[in-house]
Amino acid sequence: MSNLPGAFPSRRALLGATLAGGLALTGCSGSADLGSRPTGPPTGPRKRGGRFRFAPSDFGSAVTTDPQASGSSFSLAAAYTDTLVRRDHKWGTRPALAEEFAPDGKDLSTWTIRVRDGVTFHNGKPLTADDVIFTIRRNLDPKNPGFVSGLFHSIDPHQLTKLDKRTVRLKLKYPNSQLRDSFAEVPAGIVPVGFDPKKPIGTGPFKQQSFTPGQRWVGVRNEDYWMDGRPYLDSLELLGFSNADVARVNGLLSRQLDGIDRVPASQLAQLRQRKDLGVLVSPTGAFQFTSMRCDKGAQFEDNRVRQAFKLMIDRPQMVEIAFGGIGAVGNDVGSWAKFDPTYDSSLLQRTQDVDKARSLLKAAGMDGMSVSYRVGDVEPGAKTAASLMVQYAKAAGVKLELDVVSDLAQFYGSASYRTSQLKNDWNFTQSIYDNASYCWLPSGPFNNTGFDHPKANSLYRQALATTGSKSQELMHELSRVIWDEGPWLVWGRRDIADAYSQKFTGPVADASGLGFNGFHWEEISLA
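Residues numbered from 1 in each chain as written. Predicted model: local features only at pLDDT ≥ 70, side-chain atom pairs only at ≥ 80, totals over all residues. Heavy atoms only, no water.

Looking at the overall build of the protein chain
Quick note on the threshold: Strands here are runs of E lasting at least two residues and helices are runs of H or I lasting at least four, both read from the DSSP assignment and numbered beginning at the N terminus. Exposure categories follow from relative accessible area, calculated using a 1.4 Å probe and restricted to protein chains: below 20% of the type maximum is buried, above 50% is exposed, and the middle band is partly exposed. The contact rule is simple, with two residues in contact once any of their heavy atoms fall within 4.5 Å. Computed with a 1.4 Å probe, the accessible areas rest on the Shrake-Rupley method; for each residue, only the protein chains presented here act as cover. In summary, the charge assignment counts Lys and Arg as positive and Asp and Glu as negative, without counting His or the chain termini. Lysine's charge is taken at NZ, arginine's at CZ, aspartate's at CG and glutamate's at CD.
Helix and strand counts for the protein chain come out as 15 helices and 23 strands. The principal-axis extent of the C-alpha atoms belonging to the protein chain is close to 65 × 55 × 45 Å. In the protein chain, buried positions account for 60% of the 527 residues. Sequence-distant contacts in the protein chain: of pairs separated by 6 or more residues, those separated by 24 or more amount to 73%. In the form shown here, the protein chain has an accessible surface area of approximately 19,500 Å², with 49% of it arising from carbon and sulfur atoms. Here the protein chain contributes 62 positively and 55 negatively charged side chains, and the mean placements of these two sets differ by 2 Å.

Here it is, written out as structure tokens:
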């Protein structure tokens, strides 16, 4: 773990032992000082001031500054909002705006949240319990649910009680031992009562000065930031490009940019030759996958067809060619034992078996099938991976017809994203809990495969109703169900490469898969 004080237990520590009273707010080496303020891991002498010009891969399609909207940017939201808890660089959870976040003893359906004293929004308004309640209800608005609505599904928006100006009690619809982790996602950033996304304010390290959708966001230092001495920079400038990979690399090489994230593997050698640039490669759980529509009447309704597609691909070759070998093969779950102990690491690694794939398709009456494969340039290597998929399918007697959508806003924003039979996609480092809440349950806001598995649904609820080794074993079983019958072909995990000007310091390897330094912008400074 990093040297941030006041640690919440990591997922591994939390799930690896049966804790008295369900969940205890303790760190790895003793009691957590929940009132202390995190201090990041500096990597060199620090200077205050300066402007950091950064081109995040997720900013070019940002059409709103609303942190809870799918059309926002994580890099932008992390610049001006804070969450109740946050991910450290090893993907453990740490206190942020919440100094207390705990269940009522062994009652995992009743939780108390107490926010720090003295935290203010950019307009000077103090952070209160009312803002926490407002943010939760805003995310759970059935007419316009927020990005994290799936993670918040257990919360009853009508059972939120303000105990005092800084304390909220939550009564859940069902027990949820993982509730704290739900609030660590960037889109769960706390916003004030009456939040206006056209004039956004938060408690984050930078205050918005200007915003041009998809092109430019400028934030200036929040002088009253709750982390002592942070941020170091005078300003942060986020820039978007239409031809993202080429333009961002060229911008960094020409010194028009100070940093970029998610560098394509093909560009790493060129960047490493520049002595004025630093290249940081972070082992992460970020993954690319192909999702299969499997509800009634879909081409992948029969699990034998899903299994056939999982068997027809050469995973090591895909990782080598699409990722330049910087990563590892996937195993169709979208979670990794290194980051998430709820993944059953004893699962057999699926490997290519074209003959068995053909046999399964024939048994399902789908040999010689033709499928439209919707492909977006969702991440570096995605189009290359799609081209490889076409060749693997052909060897198994399947015709994949590529439907390439160049504009990411159109790829994710149109109805076809939810209804297409086969499509590529990607995600950050995720746990079994995250993936289920977002994508595998019928209630998941990003369940675009129609997957609705009674056993998977039941295992999820059972796991949330307990803690420790029992919860872990139930999640292990859920991962086995997904491996065998799930809607995803997860072919590879990618290590994320970022590059930046050596005039700046502070970034470290970050496991989240979000991008540069996990978007902890307050840690970056002039060298």
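Here's the deal with the packing of aromatic side chains
Cut-off, in case you're wondering: Each Phe, Tyr or Trp ring (for Trp, its six-membered ring) is paired with any other whose centre lies within 6.5 Å, and the angle between the two planes then decides the class: stacked below 30 degrees, edge-to-face above 60, tilted in between. Placement of a charge over a ring requires the Lys NZ or Arg CZ to be within 6 Å of the ring centre, with the centre-to-atom vector within 35 degrees of the ring normal.
Tallied over the full model, the rule gives 31 aromatic pairs. Taken together, a centroid distance of 6.1 Å and an interplanar angle of 5 degrees make the contact between Tyr433 and Tyr460 stacked. Placement of the pair is Tyr433 in helix H13 (residues 432-440) and Tyr460 in helix H14 (residues 454-464), with a sequence separation of 27 residues. Exposure remark for Tyr433: the relative accessible area of 1% places this residue in the buried category. Here the aromatic cluster, defined as three or more aromatic residues joined through ring pairs, consists of Phe52, Phe54, Tyr500, Phe504, Phe516, Phe519 and Trp521. Here the guanidinium or amino end of Arg87 rests over the ring plane of Trp91, the centre of that ring lying 4.1 Å away. Across from the ring centre of Trp483, 3.9 Å away, lies the NZ or CZ of Arg350, which sits over that ring.

Remarks on the side chain of Lys310
This is how it is decided: We count a salt bridge whenever a side-chain nitrogen from Lys or Arg sits within 4 Å of a carboxyl oxygen from Asp or Glu.
The residue Lys310 is located in helix H7 (residues 303-311) in this model. Of the side chains bearing the opposite charge, Asp332 lies closest to the buried Lys310, which forms no salt bridge; the N-O distance is 5.1 Å. In contact with Lys310, other than residues within four places in its own chain, are Met292, Arg315, Asp332, Arg350, Ile482, Trp483, Asp484, Glu485, Gly486, Trp488 and Leu489.

Observations concerning the pairing of strand E11 (residues 216-221)
Going by this rule: At least two bridges found by DSSP between two strands is the condition for calling them paired.
Sheet topology note: the strand E10 (residues 206-212)/E11 ladder contains six bridges and is antiparallel. By the bridge assignment, Ser210 is partnered in E11 with Val218. From the end of E10 to the start of E11, which pair antiparallel, there are three residues, and Gly214 there has a positive phi angle of about 70 degrees. Where E11 and strand E12 (residues 235-239) come together, five bridges link them in antiparallel fashion. The residue bridging Val220 from the neighbouring strand is Ser235, located in E12.

Here's the deal with empty space enclosed by the protein
Cut-off, in case you're wondering: Definitions used throughout: a 1 Å grid over protein atoms alone; a cavity as a set of points that fits a 1.4 Å probe which cannot get out; a pocket as an open set with protein on both sides within 12 Å along at least five of seven lines; a lining residue as one with an atom within 4 Å of a point. Grid points are joined across faces, edges and corners, and a volume is the space filled by probe spheres set on the points.
Here the structure, examined in full by the defined rule, presents three cavities of 30 Å³ or more. Taken as a whole, the largest cavity encloses approximately 320 Å³ of empty space. Lining the largest cavity are 24 residues, and of these Ala184, Val186, Leu514, Gly518 and His520 lie nearest its centre. For the lining of the largest cavity, the secondary structure elements donating two or more residues are helix H2 (74-80) and strand E4 (85-87).

Looking at the sheet that holds strand E9 (residues 167-172)
Quick reminder of the rule: Whenever a helix is involved, its axis is fitted only over the stretch in contact; in every case the axis is a line through C-alpha atoms, and angles between N-to-C directions fall within 0 to 180 degrees.
The four strands are arranged E6-E7-E9-E8 in an open sheet whose pairing can be described as antiparallel. Looking at strand neighbours, the two that pair on one side only are strand E6 (98-104) and strand E8 (155-164), the edges of this open sheet. Taking the axes of each pair of neighbouring strands and ignoring which way they run, one obtains an average angle of 20 degrees across the sheet. Both E8 and E9 contribute to a ladder of five bridges, which runs antiparallel. Bridge pairing in E9 places Asp164 opposite Thr167. Along the sheet, helix H3 (residues 129-139) makes contact with strand E7 (107-115), E8 and E9, crossing E8 at roughly 175 degrees.

Concerning the pattern of salt bridges
Following the criterion strictly, the structure yields 31 salt bridges and no others. Here Glu522 ties to Arg86 by a salt bridge, and the two come within 2.9 Å at their closest N and O atoms. On the criterion of sequence distance, the pair formed by Glu522 in the loop between strand E22 (504-505) and strand E23 (525-526) and Arg86 in strand E4 is long-range, its members being 436 residues apart. A relative accessible area of 2% places Glu522 in the buried class. The class for Arg86 is buried, based on a relative accessible area of 10%. Three or more residues joined by partner-sharing salt bridges are found here, namely Glu99, Arg114, Asp117, Asp164 and Arg166.

A word on the packing of H13 against helix H15 (residues 468-485)
Rules: For classification, angles of less than 35 degrees are called roughly parallel, those exceeding 145 degrees roughly antiparallel, those between 65 and 115 degrees roughly perpendicular, and all remaining angles oblique. By definition, turning the near helix anticlockwise from the far helix through less than a right angle yields a left-handed crossing, and turning it clockwise yields a right-handed one. All amino acids are sorted into three groups, where Ala, Val, Leu, Ile, Met, Phe, Trp, Tyr, Cys and Pro are nonpolar, Asp, Glu, Lys and Arg are charged, and the leftover types, Gly among them, are polar.
Their axes nearest at 10 Å, the elements H13 and H15 cross at an angle of 50 degrees. Judged by the angle between their axes, H13 and H15 are oblique. As H13 packs across H15, the resulting crossing turns out to be left-handed. Contacts between H13 and H15 involve Ile432, Tyr433, Ala436 and Trp440 from the first element and Met475, Leu478, Ser479 and Ile482 from the second. When its residues are assigned to classes, the contact of H13 with H15 shows seven nonpolar, one polar and no charged.

Details of the nonpolar core
One recurring pattern in soluble globular proteins: nonpolar side chains tend to sit buried together. Note the cut-off: The criterion is simple. A nonpolar core is a set of buried Ala, Val, Leu, Ile, Met, Phe, Trp, Tyr and Cys residues joined through side-chain atoms within 4.5 Å.
Core analysis: the largest hydrophobic core is formed by 134 residues, its most contacted members being Leu84, Ile155, Leu170, Phe309, Leu400 and Trp521. It is helix H10 (residues 382-395) that provides the largest number of residues to this core, a total of eight residues.

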